[in-house]
Amino acid sequence: MLTQTTSRVLEPSDLDAALAVLDRDPVTNAFVTARVQVAGLDPWRLGGEMWGWYEDGMLTSLCYAGANLVPIGATPRAVRAFADRARRAGRRCSSIVGPAESTAQLWRLLEPYWGPAREVRAHQPLMITDRVSADVAPDPLVRRVRKDEMDTIMPACVAMFTEEVGVSPMAGDGGLLYQARVAELVGSGRSFARLADDGKVVFKAEIGAATAQACQIQGVWVAPEYRGRGLAAPGMAAVLRYALSDVAPVVSLYVNDFNTAARRTYRRVGFQETGAFMSVLF
């Protein structure tokens, strides 16, 4: 029994305690919760370590340390402990992302050692809904992407990622991990698109993280030549309808604060801003 304030790498036997922390905010934590529910806390299966912060022997805060560094329910003292562990381990992640307040504190402590970042997005509104607005009719042409359409959807996914993040997902390993992730979403029925008559992707989005309590829409993209035609809102309404009927009772997403057009579209289909994330990109 841990009887003092301390942090450590969690083990598979800590799974129930970790899930209890994640369940305190199932919407904000959906990304990490989904991974933990599938992979447990074994680092090889999880794709990283889960760090825990204990106060008086109780697990109170978490930090996922994998491709992303993600503080979860992190108090100021927990953030300091996680920053110290991350500093000693050295940067292995491609980004730090999480609730804005704790992520900002984590980055202030790590920037002298890990900086400069390629980009800091300090305020990314977190938007949530549990219903589809009656004001926007879902696009009937938006449907699930079939498994035999990987060659069709992949270029759109690469274009979206490159436009959003600023680097191509095909760099490094030649895109093997990214292609595997897209294939996973397609195979699980969580990739959606509208195709033009010539077979080109016009609109796409995915339901990325998914638990029984909440899911998260990601990768929303309209082909450049189709922008300004009013396709985004009906497309999002269609994906939202699928998400609420087939996946979870609450749907979330987060968006860059400077993307006023996207924020307006999401509000039209029923999303409301309830908090903020922050991302530090390397």
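You'll find the structure just up there.
Residue numbers restart at each chain and count upward from 1, following the sequence in its written direction. A pLDDT threshold of at least 70 governs which residues receive local features in this predicted model, and a stricter bar of 80 or more applies before side-chain atom pairs are shown or counted, although totals over entire chains, interfaces and linings include all residues. With hydrogens and water set aside, each side-chain value is computed from the structure's full complement of heavy atoms.

Caption draft 1: The packing of helix α1 (residues 15-22) against helix α2 (residues 30-39), seen in detail. To obtain each axis, a line is fitted to C-alpha atoms, and for helices this fit is confined to the stretch in contact; angles are then taken between N-to-C directions over 0 to 180 degrees. Each helix is a run of DSSP H or I of at least 4 residues and each strand a run of E of at least 2, with the numbering of both proceeding from the N terminus. α2 packs onto α1 with a crossing angle of 160° between their chain directions and a minimal axis gap of 10 Å. The orientation of α1 relative to α2 falls into the category roughly antiparallel. α2 is crossed by α1, and the crossing has left-handed handedness. Together, Leu15, Leu19 and Leu22 of α1 and Val32, Thr33, Val36 and Gln37 of α2 make up the contact between the two elements. Polarity classes work like this: nonpolar for Ala, Val, Leu, Ile, Met, Phe, Trp, Tyr, Cys and Pro, charged for Asp, Glu, Lys and Arg, and polar for all others, with Gly in that last group. The residue inventory of the contact of α1 with α2, partitioned by class, reads 5 nonpolar, 2 polar and no charged. Here roughly perpendicular refers to angles of 65 to 115 degrees, roughly parallel to angles under 35, roughly antiparallel to angles over 145, and oblique to all remaining angles. Each crossing gets its handedness from the near helix: less than a right angle anticlockwise from the far helix is left-handed, clockwise is right-handed. Any two residues having at least one pair of non-hydrogen atoms within 4.5 Å are treated as being in contact.

Caption draft 2: Region of the structure containing the packing of helix α4 (residues 76-89) against helix α5 (residues 100-114). It is the contact of α4 with α5, at a shortest axis distance of 9 Å, that shows an interaxial angle of 30°. Between α4 and α5, the crossing angle belongs to the class labelled roughly parallel. Between α4 and α5 lies a crossing of right-handed hand. Residues Pro76, Val79, Arg80, Phe82, Ala83, Ala86 and Arg87 of α4 lie in contact with α5, whose contacting residues are Ser102, Gln105, Leu106, Leu109, Leu110, Tyr113 and Trp114. Its residues assigned to classes, the contact of α4 with α5 comprises 10 nonpolar, 2 polar and 2 charged.

Caption draft 3: Just the nonpolar core, in detail. We define a nonpolar core as any set of buried Ala, Val, Leu, Ile, Met, Phe, Trp, Tyr and Cys residues linked to one another through side-chain atoms lying within 4.5 Å. Residue burial is assigned from relative accessible area. The probe radius is 1.4 Å, only protein chains are included, and a residue is buried under 20% of its type maximum, exposed over 50%, and partly exposed in between. Ranked by internal contacts, the top residues of the largest apolar core, which has 25 residues, are Met236, Val239, Tyr266 and Phe271. At the level of secondary structure, the elements contributing two or more residues to this core comprise β9 (201-210), β10 (215-222), α8 (232-246), β11 (251-254) and α9 (260-268). It is α8 that provides the largest number of residues to this core, a total of 7 residues. Judged by nonpolar contacts, the second largest core, of 23 residues, contains Ala65, Ala86, Trp114 and Phe282.

Caption draft 4: Quick look at the pattern of salt bridges. By definition here, a salt bridge exists when the distance from a side-chain nitrogen of Lys or Arg to a carboxyl oxygen of Asp or Glu is within 4 Å. One pass over the full model with this rule turns up 18 salt bridges. Note that Arg146 and Glu149 form a salt bridge whose closest N and O atoms lie 3.3 Å from each other. Given a relative accessible area of 43%, Arg146 falls into the partly exposed group. For Glu149, a relative accessible area of 8% puts it in the buried group. Between Glu206 and Lys204 there is a salt bridge whose closest N-O contact spans 2.6 Å.

Caption draft 5: Layout of the side chain of Arg121. Summarising the element assignment, Arg121 is placed in strand β6 (residues 119-129). Exposure remark for Arg121: the relative accessible area of 10% places this residue in the buried category. Sequence-distant contacts of Arg121, that is, excluding residues within four places in its chain, are made with Glu164, Val165, Asn256, Phe277, Met278, Ser279 and Leu281.

Caption draft 6: Geometry of the sheet that holds strand β1 (residues 6-9). On the basis of which strands lie adjacent, the open sheet formed by 12 strands has the order β1-β2-β3-β4-β5-β12-β6-β11-β10-β9-β8-β7 and mixed pairing. In this open sheet, the two strands that pair with only one neighbour each are β1 and β7 (143-144). Two strands are counted as paired when DSSP detects at least two bridges linking them. In terms of strand pairing, β10 meets β11 through 2 bridges, oriented parallel. From the neighbouring strand, Gln216 faces β11, where its bridge partner is Ser252. Docked against the sheet, α1 engages β3 (58-65) and β4 (68-72), running at close to 85° with respect to β3.

Caption draft 7: Looking closely at the packing of aromatic side chains. Side-chain rings of Phe, Tyr and Trp (the six-membered ring for Trp) are treated as a pair once their centres are within 6.5 Å; stacked means planes under 30 degrees apart, edge-to-face means over 60, and tilted covers the remaining angles. Under the criterion given, the structure shown has 7 aromatic pairs. Seen in terms of ring centroids, Phe161 and Tyr178 are 5.2 Å apart; in terms of plane orientation they differ by 65°. Their pairing is edge-to-face. Note that Phe161 is positioned in helix α6 (residues 150-165) and Tyr178 in helix α7 (residues 176-187), a separation of 17 residues in sequence. Taking relative accessible area as the criterion, Phe161 reaches 24% and is therefore assigned partly exposed. Grouped by ring-pair contacts, the aromatic residues Trp107, Trp114 and Phe282 constitute a single cluster.

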